[in-house]
Protein chains: 2
Amino acid sequence: MLFRGSFSLICNPESWSSCLLSPILLAPTLTAEIIAIGSELLAPDRTDTNSLWLTEKLNSIGIEVKLKTIVGDDDSRLEETIRDAVKRSRVVITTGGLGPTEDDITRKVAARALGRRLLLDEALLDGIRKRFQSFGLTMPERNSRQAMVIDGAEVLDNPNGTAPGLFIEHDDTSVALLPGPPREMRPMFENHVQPRLESKAGHLRVVRRVLRVAGMGESAVDERIAPIYTRYANPQTTILFNKSEIEVQLTARGRTEADAETLLDKVSSELEEELGHSIFAFRGEQMEEVVGLRLSVGGYTIAVAESCTGGLIAERLTDVAGSSRYFIEGVVAYSNESKTRTVGVEPVLLLEHGAVSAPVAEAMAEGIRKRAGTDFGLAVTGIAGPGGGTEEKPVGLVYIALASEVQTEHRKLMLPGDRQLIRWRASQAALDLLRRRLI
Amino acid sequence: MLFRGSFSLICNPESWSSCLLSPILLAPTLTAEIIAIGSELLAPDRTDTNSLWLTEKLNSIGIEVKLKTIVGDDDSRLEETIRDAVKRSRVVITTGGLGPTEDDITRKVAARALGRRLLLDEALLDGIRKRFQSFGLTMPERNSRQAMVIDGAEVLDNPNGTAPGLFIEHDDTSVALLPGPPREMRPMFENHVQPRLESKAGHLRVVRRVLRVAGMGESAVDERIAPIYTRYANPQTTILFNKSEIEVQLTARGRTEADAETLLDKVSSELEEELGHSIFAFRGEQMEEVVGLRLSVGGYTIAVAESCTGGLIAERLTDVAGSSRYFIEGVVAYSNESKTRTVGVEPVLLLEHGAVSAPVAEAMAEGIRKRAGTDFGLAVTGIAGPGGGTEEKPVGLVYIALASEVQTEHRKLMLPGDRQLIRWRASQAALDLLRRRLI
C-alpha cells in the first residue's frame, strides 16, 4: 500500500534513510476527500476552515487530499457527493450536519449513500439525555435524532457537544462523519479518526514546522532565505504573510517522524543563522506565548497601559493559560483624563506633546509600572483610525514604550492597514519590543 | 424560464406582488455550482476566495449556489465533477486551469465531460500570438493550447491575460470556464458571463438577513421559532450556533430587492415577537456595535473592570470606530492587589468571599464607575481555566456585574467550554447585560 507511484531504483528498500531526499519515492499514497456540509457555508462571506485543519492533519500522516466539496443541506446533492467520494477515495471525511435540527441531514443521507440502515442506539440516547441532565436541562425531543447510528458504524464520543461522530469502514474506504464546530471536530479527529487512519496509511510521516518572523517585510525575508531553502526539495518551504507576521512553513517527509524532524532541524537552524532574533517562534507559537514563557522563566512581572489597542495587548497576554503568574494589571487609558488619573501621565505632557507622542508613551509605560509595582511596564498610544488623523499625526502613527527599573525606551511606528490591522500590528510590535528585551 | 417548478394558480401573473408570499412559485431559482481547479488550492493554508466573490455576484442576480468543489489537477476527478455538476445545476462556473502548462487541464477535461470536441481556433491563436508580440516576445509553443476551443463554445475575451474564457450552453445548463487569477476572472465574469446569466435568471433578486440571538441555547431558540419559519419556504431559514451567539439567517427571493425585503421584514418581526429582546441584531451587527450604538445614542459613558476576560471586553468595545465617545477607561485587574489598588475593592470582600464572587464583581463595577466617573461600570470576575478551579468554584464560574447611579446588579454564570470560549462567552454575557439595561 505504501508506495503506489513511481519507484526510484536508486533507493535501497532496506535502507530508507538514504532515500529521504527523493520526493518521488515519498509521494503520499492514500487519497482523501473532505465534504463540508451546511447551507450557511455557501454564503458569500463564509469559508470552510475545518478542511484546512483537516488537510494539515491528513498530510502529516501521509494522506493526500484530492478533492473538497462544500454542499448545502441538500439531500440529493449530498448523497451523490458522498457516493462519488467513497467510490474514488480511500478516506472520506465529512464535517457538519450532525446537529439536532431538521437541517442536519448528514446521518440520514450518508446512510442512504452507503446503502446502510439507520438504527437507534439506546445507549447513545441515554448518554445524550444524561449530558443535558448534567446541565440541569431536559433533553429536547429533537436531540434523540443524534442517537441514530449507521449500521456497522463505530460511534465516536464527543465530550464537547451532543453530536457524536460516526466512523465506518465501507468496502475499502474509511468514512468519518464529524461535527462542524471546530472545538468538537478537532479532538474527535485527533483521538478517534487519526489513529485509525495512521494504521491504514503505513509509516510515511510528513512533519510540518512553522517559523514566525516579526519586524521584517515579506520580500526582505524571502530575499535573505531563498538562497537557503531553494537548495532543499525536502523539506518544502512556503512563505506566508499574515497580518504583521511572516510565517515560514517547512514540510518534511521521512520514513519516521524523527527522520523528518532531522531534516527540519537542519534547515531551520540555517534559517536562524540568517534571520537571527527576528524569528520569534520555531514551532508555530504565538507571540504572546513566547513572551509569556520568557516572563515566566525569568520570574518577571508585567503591567500594560494601552490607548489605541484598547485592551488587545492585555487580552493577548492573558489568553495564555497561567498568565496570572506574570500579568499583574492592565489599564485601557482611552481618555486623556484616564491617562492622568490612572496611569499618572502629567497633564503638561499631554498638553505639550499630545496624547499620541513619545513622551506620553514613555510616561504611560513608567506610570503603569509604578502603579502595579512590576518589573516591566509596556505602553501603546496611537491613531488606529478611521477618524482622528491629522496631517501631522496621521492614522497609523503609533508609539510603543517599555519601562523597566533601569531604562525606558520607545519606538515610533507608521503602521499600514485598517483599524483592526493597525491595532493588531501595534500590539504585535509592543510585544516584540518586550520579547527582544527579554532575550 | 423563471418559474420552472410547481405553479400556484392563486397568483395572477399580471400582479406579482400578490404572489410574494407564495414560496412554491418563487422557490425554483436558478441553481449554480462553482468548481475551483488547481492542486495548489488543496494546501492546508489556502482557501478558494474566487468562489466567495462569485457567490455574491450570483446571489445578487437571484442565482443560488448549491455546491462548491475544489479539485486538484486530476483528470478523472475533475471530469466526474463537471459531469455531475452539469447534470444537477443550470449554471456551472469553473475557475482556474486555463493556463498554458501541462497542469492546466480544464479545457481538455471539460470537453470530455461534455462529450464535445476540442478544436483549434486560428483567430484566437493569432490573437494570443499578437499579445505576446505587443510585449516584444515570441509566443512559446505551449501557449497554443490556450487557443483550443470546445466545440460550440463562445470565446470570452481576456484583456488582462493570455487565457481566454469559454461559455457553453450545454443542454439546459450554462457552463463558464474562467481563469483563476481574480484580476482576470472578475472582469470576465462581469462583462461576459453575468449579462448572459441575468437574461436566463429573469429579474429574481435574493436578499439575505442575519439575526443574532444572545442568552438562549440553540435548541431552545429552534423550538420556539420553528413553528414560525417552517411556515415559509421563502425566506429560507438557517440556524447557526457560533461561540455563544446564535445566528438566524433568512434568505428571501423576490422580483425586486424591495419585494425580498418585505418578506424579510414580515418574518423577522414574527421572530422578534417570539424571542423579544434576545434578538440583539437584525442586520448581522456584532454585540459590541449594538451596545456602542445604544451608548452613543443615549449619550452614556462606560468604564470596564475585568479579571478573567483579561481586556477582551475593552478590546471588543474599542474595536468599534468612534468608541472614544463613550468608552472612557478599562482596567484589567488580574491580581487581587490590582482589584483593591485600582478598582477599589475592599480587601475584606476578597478575604471573605474570594475574588470570584458576587460581592467582588459588584464592587469592581462600582469601583471602576467611580474611578472613571462614567454612567456605567461593567465588571467580570471568574475562572477561565484550565487551572484554578476548585470543587466549590469550578472552571467556568463567572460573575458579571453592572453598576449605574441608581443600582448595581450581578449575574452568576456557569459557562461551558475551554479557556478562550469561557472568556468570550463571559464578555458576551457582560455586554448583553449592559445592552438589556440600555433598552
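Residues numbered from 1 in each chain as written. Chains lettered and ligands numbered in written order. Predicted model: local features only at pLDDT ≥ 70, side-chain atom pairs only at ≥ 80, totals over all residues.

Before going further, it helps to spend a moment on the overall build of chain A. Assigned secondary structure in chain A consists of 14 helices and 17 strands. Oriented by its inertia axes, the alpha-carbon framework of chain A measures out at about 80 × 65 × 40 Å. (Helix = DSSP H or I, 4+ residues; strand = E, 2+ residues; numbered from the N terminus.)

It is worth spelling out the interface of chain A and chain B at this point. Taken together, the contacts link 59 residues of chain A with 57 residues of chain B. Looking at the side of chain A that touches chain B, the elements that each hand over two or more residues are α2 (50–60), β2 (63–71), α3 (75–88), α10 (312–318), β14 (327–333), α13 (358–372) and α14 (419–438) of chain A. Looking at the side of chain A that touches chain B, its residues break down into 21 nonpolar, 20 polar and 18 charged. With five bridges connecting them, β14(A) and strand β14 (residues 327–333) of chain B associate as antiparallel partners. Its bridge partner being in β14(B), A:Ala333 is matched across the sheet by B:Glu329. (Contact = placed C-beta atoms within 7 Å. Nonpolar A, V, L, I, M, F, W, Y, C, P; charged D, E, K, R; others polar. Pairing = 2+ DSSP bridges.)

All names here are of chain A. Interaxial distance between helix α7 (residues 218–229) and helix α8 (residues 257–275) falls to 10 Å at its minimum, and their mutual angle equals 150°. Judged on the interaxial angle alone, α8 and α7 are roughly antiparallel. Crossing handedness for the pair α7 and α8: right-handed. On α8, the residues that touch Arg 224, Ile 225, Ile 228 and Tyr 229 of α7 are Val 267, Glu 270, Leu 271, Glu 274 and Leu 275. When its residues are assigned to classes, the contact of α7 with α8 shows six nonpolar, no polar and three charged. (Axes fitted to C-alpha atoms, helices over the stretch in contact; angles between N-to-C directions. Parallel < 35°, antiparallel > 145°, perpendicular 65-115°, else oblique. Left-handed = near helix turned anticlockwise from the far one by under 90°.)

Residue and element names in this part refer to chain A. Between its terminal C-alpha atoms helix α6 (residues 182–201) stretches only 24 Å, short of the 28 Å expected from 20 residues at 1.5 Å a residue. Most pronounced at Phe 189, the bend in α6 amounts to some 45°. Buried residues of α6: Glu 184, Met 185, Met 188, Phe 189, Val 193, Leu 197 and Ala 201, and no others. At the exit of α6 stands Gly 202, carrying a positive phi of roughly 85°. (Expected span 1.5 Å × (residues − 1). Bend = angle between axes of the 7 residues up to and from the residue. Buried ≥ 20, exposed ≤ 12 C-beta atoms within 10 Å, placed from the backbone.)

Here we take up unusual backbone geometry. All names here are of chain A. Going from Gly 385 to Pro 386, the amide bond is cis rather than trans, its omega being 0°. Summarising the element assignment, Pro 386 is placed in the loop between β15 (376–382) and β16 (397–403). With phi around 50°, Asp 171 is a residue other than glycine that occupies positive phi space. Note on placement: Asp 171 falls in the loop between β7 (165–170) and β8 (173–178). The exposed category is assigned to Asp 171, around which 9 C-beta atoms lie within 10 Å.

What follows deals with the packing of α3(A) against helix α3 (residues 75–88) of chain B. Close contact between α3(A) and α3(B) brings their axes to 12 Å; oriented N to C, the two are set at 160°. Overall, the two elements α3(A) and α3(B) adopt an arrangement that is roughly antiparallel. In the crossing of α3(A) with α3(B), the sense of the turn from one axis to the other is right-handed. Contacts between α3(A) and α3(B) involve A:Arg77, A:Glu80, A:Asp84 and A:Arg88 on the former and, on the latter, B:Arg77, B:Glu80, B:Asp84 and B:Arg88. Its residues assigned to classes, the contact of α3(A) with α3(B) shows no nonpolar, no polar and eight charged.

So, about the environment of B:Leu431. All names here are of chain B. Following the sequence through the fold, Leu 431 ends up in helix α14 (residues 419–438). Sequence separation between Leu 431 and Gly 62 is 369 residues, and the spatial gap between their C-alpha atoms is 37 Å. Discounting residues that sit within four places of it in the chain, Leu 431 has contacts with Met 287, Glu 288, Val 291, Ile 313 and Arg 316.

Considering soluble globular proteins, one finds that nonpolar side chains tend to be buried as a cluster. Core analysis: the biggest nonpolar cluster contains 145 residues, and A:Met364 and B:Met364 have the highest contact counts within it. Those residues in contact with A:Met364 that sit more than four places away from it in its chain are A:Ala305, A:Ala333, A:Lys339, A:Val343, A:Val345, A:Ala379, A:Thr381 and A:Ala401. Judged by nonpolar contacts, the second largest core, of 99 residues, contains A:Leu54, A:Phe167, B:Phe167 and B:Leu178. (Core = buried A, V, L, I, M, F, W, Y, C linked by C-beta atoms within 7 Å.)

To continue, consider the sheet that holds strand β11 (residues 245–254) of chain B. Residues and elements named next belong to chain B. Strands sit in the order β10-β11-β9-β12 across an open sheet of four strands; the sheet is antiparallel. For this open sheet the edge positions go to β10 (236–242) and β12 (279–281), each flanked by a neighbour on one side alone. Adjacent strand axes in the sheet meet at a mean angle of 35°, parallel and antiparallel pairs treated alike. Across nine bridges, strand β9 (residues 205–213) lies against β11 in antiparallel orientation. Note that in β11 the partner of Val 207 across the bridge is Ala 252.

This part takes up the pairing of strand β3 (residues 91–95) of chain A. On a regular strand, one side chain projects to one face of the sheet and the next to the other, so that they alternate. All names here are of chain A. Summarising burial for β3: five of the five residues are buried, a large majority. In this sheet, β3 lies alongside strand β1 (residues 30–37) in parallel orientation, the contact comprising five bridges. Each bridged residue has a counterpart across the sheet, and for Ile 35 the counterpart in β3 is Thr 94.

Turning to the domain arrangement of chain A, a few remarks are in order. Annotation of chain A at the domain level lists domain 1 (30–201), domain 2 (208–281) and domain 3 (287–438). Here the residues of the side of domain 2 of chain A that touches domain 3 of chain A sort into three nonpolar, three polar and two charged. (Domains from an automatic or database assignment.)

For the rest of this paragraph, the subject is the sheet that holds strand β13 (residues 302–306) of chain A. Taking strand neighbours across the sheet as the criterion, the ten strands line up as β17(A)-β16(A)-β15(A)-β13(A)-β14(A)-β14(B)-β13(B)-β15(B)-β16(B)-β17(B) in an open arrangement whose pairing is mixed. Pairing within the sheet leaves two strands with one partner each, and these edge strands are β17 (408–414) of chain A together with β17 (408–414) of chain B. On average, each strand axis in the sheet is tilted by 10° relative to the strand beside it, whichever way the strands run. Sheet topology note: the β13(A)/β14(A) ladder contains five bridges and is parallel. Bridge pairing links A:Ala303 to A:Glu329 in β14(A).

Residue and element names in this part refer to chain B. Mapping Arg 142 onto the fold places it in the loop between α5 (122–134) and β5 (148–150). C-beta crowding within 10 Å serves as the criterion here: with 12 such atoms nearby, Arg 142 is assigned to the exposed category. On a C-alpha basis, the gap between Arg 142 and Gly 217 in space is 59 Å, while along the polypeptide they are 75 residues apart. Aside from chain neighbours lying at most four places away, what touches Arg 142 is Pro 100 and Thr 101.

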